[in-house]
Number of protein chains: 2
Amino acid sequence: MTIPAHRIAFGEHLRELRRARGWTSQEAFAHHVGLDRTYISGIERSRRNPTLDIIVKLARGLEVSPSELLSTIEP
Amino acid sequence: MTIPAHRIAFGEHLRELRRARGWTSQEAFAHHVGLDRTYISGIERSRRNPTLDIIVKLARGLEVSPSELLSTIEP
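Residues numbered from 1 in each chain as written. Chains lettered and ligands numbered in written order. Predicted model: local features only at pLDDT ≥ 70, side-chain atom pairs only at ≥ 80, totals over all residues. Heavy atoms only, no water.

The name recorded for chain A in an unreviewed UniProt entry is Helix-turn-helix transcriptional regulator, from Microbacterium istanbulense.

Pasting the structure below:
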């Protein structure tokens, strides 16, 4: 399966923002936002296709806007 | 079921952008982006929880960035 570029951009940006905010562990961040660690890992590795509800939850956990979380995806 | 505010913001913004781009019919826009009319309708009425892949598809069909499509959702 070919992974779409937007998923890679989203996953990499999530990982960068998570670490930049001091959440060095996926486990701790997952607990913070109420999701499973394997799910966070799957998004960061571009394997998951998160819904709008999840994108908003992740953005709030990182204290960025949902728009900012998608800002590295090419138009 | 209570509809989350971010879904309402997203659905209303999608409808506004669709009309502003001249897609007055949901049916024509749905065909343009390769989705079903009932699915577009469901998103605009906040009933659907679109995935990242779908958000990107909608944004490209509207010629806006995915980030812009989420710009009306409160942080």
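This part takes up unusual backbone geometry. Positive phi, close to 70 degrees, is recorded for A:Ser46, a residue that is not glycine. Structurally, A:Ser46 is set in the loop between α3 (37–44) and α4 (52–62). (Helix = DSSP H or I, 4+ residues; strand = E, 2+ residues; numbered from the N terminus.)

At the junction of the two partners, chain B supplies 20 residues and chain A supplies 20 residues. Here chain B packs against chain A, burying approximately 1800 Å² in sum over the two surfaces, 62% of which is carbon and sulfur. For the interface between chain B and chain A, the tally reads two salt bridges. In this structure, B:Arg7 and A:Asp53 form a salt bridge, with 2.8 Å as the shortest nitrogen-oxygen distance. For the interface between chain B and chain A, the tally reads 15 residue pairs in polar contact (both at pLDDT 80 or more). For the side of chain B that touches chain A, the secondary-structure elements that each account for two or more residues are α1 (5–20), α4 (52–62) and α5 (66–69) of chain B. Split into classes, the residues belonging to the side of chain B that touches chain A amount to nine nonpolar, six polar and five charged. (Contact = heavy atoms within 4.5 Å. Buried area = accessible area lost by both parts, 1.4 Å probe. Salt bridge = Lys/Arg side-chain N within 4 Å of Asp/Glu carboxyl O. Polar contact = N/O pair within 3.5 Å; in protein donor to acceptor, adjacent residues only side chain to side chain. Nonpolar A, V, L, I, M, F, W, Y, C, P; charged D, E, K, R; others polar.)

Residue and element names in this part refer to chain A. Counting buried positions over the eight residues of α3 gives six, a clear majority of the element. Those residues of α3 that sit buried are Tyr-39, Ile-40, Ser-41, Gly-42, Ile-43 and Glu-44. Among the structural elements, α1 (5–20), α2 (26–33) and α4 are those in contact with the buried residues of α3. Looking at the residues trailing α3, positive phi occurs at Ser-46, about 70 degrees. (Buried < 20%, exposed > 50% of the residue type's maximum accessible area, 1.4 Å probe, protein only.)

Here we take up the environment of A:Pro66. By secondary structure assignment, the location of A:Pro66 is in helix α5 (residues 66–69). In this structure, A:Pro66 is in contact with A:Val56, A:Ala59, B:Leu70, B:Ile73, B:Glu74 and B:Pro75, ignoring residues within four places of it in sequence.

Glancing now at the pattern of salt bridges. Tallied over the full model, the rule gives six salt bridges over all chains. In this structure, the salt-bridge partner of B:Glu44 is B:Arg18, at a minimum N-O distance of 2.7 Å. Here B:Glu44 is found in helix α3 (residues 37–44), whereas its partner B:Arg18 is found in helix α1, with 26 residues between them in sequence. Using a relative accessible area of 1% as the deciding quantity, one classes B:Arg18 as buried. Taken together, the salt bridges that share partners define one network made up of A:Arg15, A:Arg18 and A:Glu44.

Right, let's talk about the UniProt feature "domain: HTH cro/C1-type" (unreviewed entry) in chain A for a bit. Per the UniProt entry, the sites bearing "domain: HTH cro/C1-type" (unreviewed entry) are residues 14–69 of chain A in this numbering. In residues 14–69 of chain A, helix accounts for 68% and strand for 0%; the two terminal C-alpha atoms are 7 Å from one another. (UniProt positions renumbered as here; feature names shortened; annotations may be inferred.)

All names here are of chain A. Put simply, α2 and α4 touch, their axes get as near as 9 Å, and they point 110 degrees apart. Between α2 and α4, the angle falls in the class roughly perpendicular. Contacts from Phe-29, His-32 and Val-33 of α2 reach α4 at Lys-57, Leu-58, Gly-61 and Leu-62. (Axes fitted to C-alpha atoms, helices over the stretch in contact; angles between N-to-C directions. Parallel < 35°, antiparallel > 145°, perpendicular 65-115°, else oblique.)

The next subject is the nonpolar core. Membership of the largest hydrophobic core comes to 44 residues, with the highest contact counts inside it found for A:Leu58, A:Leu69, B:Leu58 and B:Leu69. Excluding residues that lie within four positions of it along the chain, B:Leu69 makes contacts with B:Phe10, B:His13, B:Leu14, B:Leu17, B:Ile55, B:Leu58, B:Ala59, B:Leu62 and B:Val64. (Core = buried A, V, L, I, M, F, W, Y, C linked by side-chain atoms within 4.5 Å.)

This paragraph deals with the relation of the copies chain B and chain A. The two copies are related by a screw operation: chain B maps onto chain A through 180 degrees of rotation and 0.0 Å of translation along the axis, at an RMSD of 0.0 Å. Taken together, the rotation and translation describe the operation of a two-fold axis. Identified as the residue of chain B closest to the rotation axis by C-alpha distance is B:Thr51, at 1.9 Å. (Least-squares fit on C-alpha atoms with pLDDT ≥ 70 in both.)

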